[in-house]
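# Fold and contact review
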Amino acid sequence: MRTVVTGLALAASQPAEAGPFVDAAGIVPGLVLDMRYAGSDNFIGRPIAGYEAPRCLLTPQAARALAAVQSSLAPEGLGLKVFDCYRPRRAVADFAAWARDPADTRMKAAYYPRTDKADLFRLGYIAERSSHSRGSTVDLTLVRRADGAELDMGTPFDLFDEASATDFSGLTPAQARNRRRLRDAMIRAGFVPYAQEWWHFTLKGEPFPDTAFDQPVR
């Protein structure tokens, strides 16, 4: 089941502080949350260890930079939808354990139809460590503010496929343009893109570059 809420709605019901992190919904006006790992709409098909609430926790620096992106997109009638923010170490370990289980392929058709599960580590889609655990990495897309519809990026979030690379050559002109819109807006605010996944960005000069946290998202 997918949980989608607006930042303003969540901010009204959740505390703003969470250890070294803040709730981005309280910092980024109109942020749309679709926190996939707190529910079952993800590549494993169940809630992931460490996700006890559908919240986007980030370092204050990353949250403020995200607010700058949101503000820059407003004149175009666009906004941000986030899929994942801070990720506890236990969630990363949950991903890795799933990737080592060859029998569990129930979500293959939706998330890795053209990729052998045995290759997910080698291809870089699953890893033993994640920048998300440092609290300044975010997975997100663009939406139209008028109706909340996602812009066409050519692939859905978390598709383990070469088509998810930012500069994939098989995109339509509109899809390529939408990916550039997102990438350029994030870069201007100080985020660094990950070439293999169009949705993935890490804050340059992040405050905890060597610390992977494990507090649950709650």
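Residues numbered from 1 in each chain as written. Predicted model: local features only at pLDDT ≥ 70, side-chain atom pairs only at ≥ 80, totals over all residues. Heavy atoms only, no water.

- Under an unreviewed UniProt entry, the name given to the protein chain is D-alanyl-D-alanine dipeptidase, and the source organism is Methylorubrum podarium.
- Within the UniProt record for the protein chain, the comment given under Catalytic activity (unreviewed entry) is "D-alanyl-D-alanine + H2O = 2 D-alanine". (UniProt positions renumbered as here; feature names shortened; annotations may be inferred.)

## Some words on the UniProt feature "binding site: Zn(2+)" (unreviewed entry) in the protein chain
- Within this numbering scheme, the UniProt entry marks His 132, Asp 139 and His 200 as carrying the feature "binding site: Zn(2+)" (unreviewed entry). The largest pairwise C-alpha distance within this set of annotated residues, which runs over 69 residues, is 9.6 Å, so the set is compact in three dimensions.
- Mapped onto the elements of the fold, His 132 is located in the loop between α4 (108–111) and β7 (137–144).
- The contacts of His 132, once residues within four sequence positions are left out, are Asp 84, Cys 85, Tyr 86, Arg 87, Thr 137, Val 138, Asp 139 and His 200.
- At 2.7 Å, the side chain of His 132 and the backbone oxygen of Cys 85 are in polar contact.
- Residue placement: His 200 occurs in strand β9 (residues 197–203).
- The buried category is assigned to His 200, whose relative accessible area is 11%.
- Ignoring anything within four residues of it in the chain, the contact list for His 200 reads Ser 131, His 132, Thr 137, Val 138, Asp 139, Val 192, Pro 193 and Tyr 194.
- Within the structure, the side chain of His 200 is placed 3.4 Å from the side chain of Asp 139, a separation counted as a polar contact. (Helix = DSSP H or I, 4+ residues; strand = E, 2+ residues; numbered from the N terminus. Contact = heavy atoms within 4.5 Å. Polar contact = N/O pair within 3.5 Å; in protein donor to acceptor, adjacent residues only side chain to side chain. Buried < 20%, exposed > 50% of the residue type's maximum accessible area, 1.4 Å probe, protein only.)

## Concerning the environment of Arg 145
- On the secondary structure map, Arg 145 appears in the loop between β7 and α5 (173–188).
- Placed 65 residues apart in sequence, Arg 145 and Leu 80 show a C-alpha to C-alpha distance of 8.7 Å.
- The contacts of Arg 145, once residues within four sequence positions are left out, are Gln 70, Ala 74, Gly 77, Leu 78 and Gly 79.
- A distance of 3.0 Å separates the side chain of Arg 145 from the backbone oxygen of Gln 70, its partner in a polar contact.
- A distance of 2.7 Å separates a polar atom in the side chain of Arg 145 from the backbone oxygen of Leu 78.

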